[in-house]
Amino acid sequence: MAAEVQLSSNMRKALLVLNCVILSIGNCGGPLVMRLYFVLGGERIWFSSWLETVGWPLILVPLIITYMHRRTKQDSHAKLFFMKPPLFVASAVIGVLTGFDDYLYAYGVAKLPVSTSALIVASQLAFTAAFAFLLVKQKFTSYSVNAIFLLSIGAGVLALHTSSDRPTNESNKEYYLGFVMTLAAAALYGFILPLVELTYKKTKQAITYSLVMEIQMVMCFFATVFCTVGMLVNNDFQAISREAKEYELGEAKYYLVVVWNGIIWQCFFLVSIGVIFSASSLVCGIVITVLLPVTEILAVIFFREKFQAEKGVSLALSLWGFVSYFYGEIKDSKKKKNPTSETELPQTVNP
């Protein structure tokens, strides 16, 4: 039994590492490819948000592989899908919220430089921590409170001083609306991550990785349906062929950018809930935040974006907040593994 527990623990750690690696690709590559679409002539925000989850059929590949593996062991008794109706409904609701979040984020990326939007998205960790406290009773420490404060200040610095990096032919109103929409996207996704974790905890069936993939497929399907409605209302489908012909890189590369947009974002969404399954919603928020400097550097290199002093201050505050939070988590983890005394209260506050 101990060997099985150890194997399960090792497998969970291996899944966590693999998910974090793929999440890095999606988290850094997704904003860059999306911005590439807008910078070189793309204008359809609903279409761009639709691309974030339209790659959901890719999840069928690992689901079919795991099903065939079960068939070799269980013959005809192997189930094709594990999801029960209550979990399906919950996943569908989260999917609709994800679709709305996709639109908010795509609007921000369309109006803001990647280096700016990435710094705003860093505030997601603060929202994730707050909603995790409310939904899944995640405990606050002095370190997590400090992290939330620093991330909030970092976003405030950007709000007050970064209009100088406003793209040409864009009004101040559009720029600040993009800022607000990106902040709203960070807040909503900070709510979605703990909501997924709460769904895991409340469901009355065993949570396996196959079930996690089913949940993600349903979420992305309903997010895609939500964005499809937006595209139909906005006549985006009719505009795609015209936009492709006018794209600066040419029609063929337009569709190449579009396809990779869908693939890279699917990497992000699939493994984000994989990280929640292997660890927690807060760990997922931490990984997304720690990749911030990488996205910043890539945006400056590929898009020649300005990196003013206020962005440097915001980046430093964001990283300081991350280090504070991560240090607190390490101390808390060590404390749980090595209690100092049996006579102490079961829950002690970190100094």
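Right, let's walk through the structure included here. Keep in mind that this is a model prediction, so the values were computed, not measured.

1. What to know about the side chain of Asp-102
Then, number 1: For Asp-102, the location among the structural elements is in helix α4 (residues 85–111).
Then, number 2: Despite its burial, Asp-102 pairs with no opposite charge, the nearest such side chain being Arg-44 at 17 Å.
Then, number 3: Those residues in contact with Asp-102, other than ones at most four positions away along the chain, are Ser-49, Glu-52, Thr-53, Ala-223, Cys-227 and Phe-269.

2. So, a nonpolar patch on the surface
Then, number 1: Taken together, the side chains of Leu-58, Leu-256, Val-259, Trp-260 and Ile-263 make up a nonpolar region of the molecular surface, amounting to roughly 450 Å² of accessible area.
Then, number 2: Mapped onto the elements of the fold, Leu-256 is located in helix α11 (residues 251–278).
Then, number 3: Leu-256 gets classed as partly exposed once you look at its relative accessible area, which sits at 48%.

3. Here's the deal with the packing of aromatic side chains
Then, number 1: Applying the stated criterion across every chain yields a total of 23 aromatic pairs.
Then, number 2: Relative to Phe-38, the ring of Tyr-37 has its centre 4.9 Å away and its plane inclined at 70°; by these criteria the two rings are edge-to-face.
Then, number 3: By relative accessible area, which is 0% here, Tyr-37 ends up buried.
Then, number 4: The class of Phe-38 is buried, set by a relative accessible area of 11%.
Then, number 5: Measuring from ring centre to ring centre gives 5.9 Å for Tyr-189 and Phe-268, while their planes differ by 35°; the resulting arrangement is tilted.

4. A closer look at the packing of helix α6 (residues 124–135) against helix α8 (residues 172–202)
Then, number 1: One can describe the packing of α6 onto α8 by two numbers: an axis separation of 8 Å at closest approach and a directional angle of 35°. Crossing angle aside, the handedness with which α6 passes α8 is right-handed. Across the interface between the two elements, Gln-124, Phe-127, Thr-128, Phe-131, Ala-132 and Leu-135 of α6 pack against Leu-183, Ala-186, Ala-187, Tyr-189, Gly-190, Phe-191, Leu-193, Pro-194, Leu-195 and Leu-198 of α8.
Then, number 2: Here the residues of the contact of α6 with α8 sort into 13 nonpolar, 3 polar and no charged.

Quick notes on the rules
Residues numbered from 1 in each chain as written. Predicted model: local features only at pLDDT ≥ 70, side-chain atom pairs only at ≥ 80, totals over all residues. Heavy atoms only, no water. Helix = DSSP H or I, 4+ residues; strand = E, 2+ residues; numbered from the N terminus. Buried < 20%, exposed > 50% of the residue type's maximum accessible area, 1.4 Å probe, protein only. Lys, Arg positive; Asp, Glu negative; His and termini not counted. Salt bridge = Lys/Arg side-chain N within 4 Å of Asp/Glu carboxyl O. Contact = heavy atoms within 4.5 Å. Patch = residues over 30% accessible without salt bridge, like charges linked within 9 Å, V, L, I, M, F, W, Y side chains within 5 Å. Areas by Shrake-Rupley, 256 points an atom, 1.4 Å probe, with all protein chains shown as cover. Phe/Tyr/Trp six-rings, centres within 6.5 Å; stacked < 30°, edge-to-face > 60°. Axes fitted to C-alpha atoms, helices over the stretch in contact; angles between N-to-C directions. Left-handed = near helix turned anticlockwise from the far one by under 90°. Nonpolar A, V, L, I, M, F, W, Y, C, P; charged D, E, K, R; others polar.

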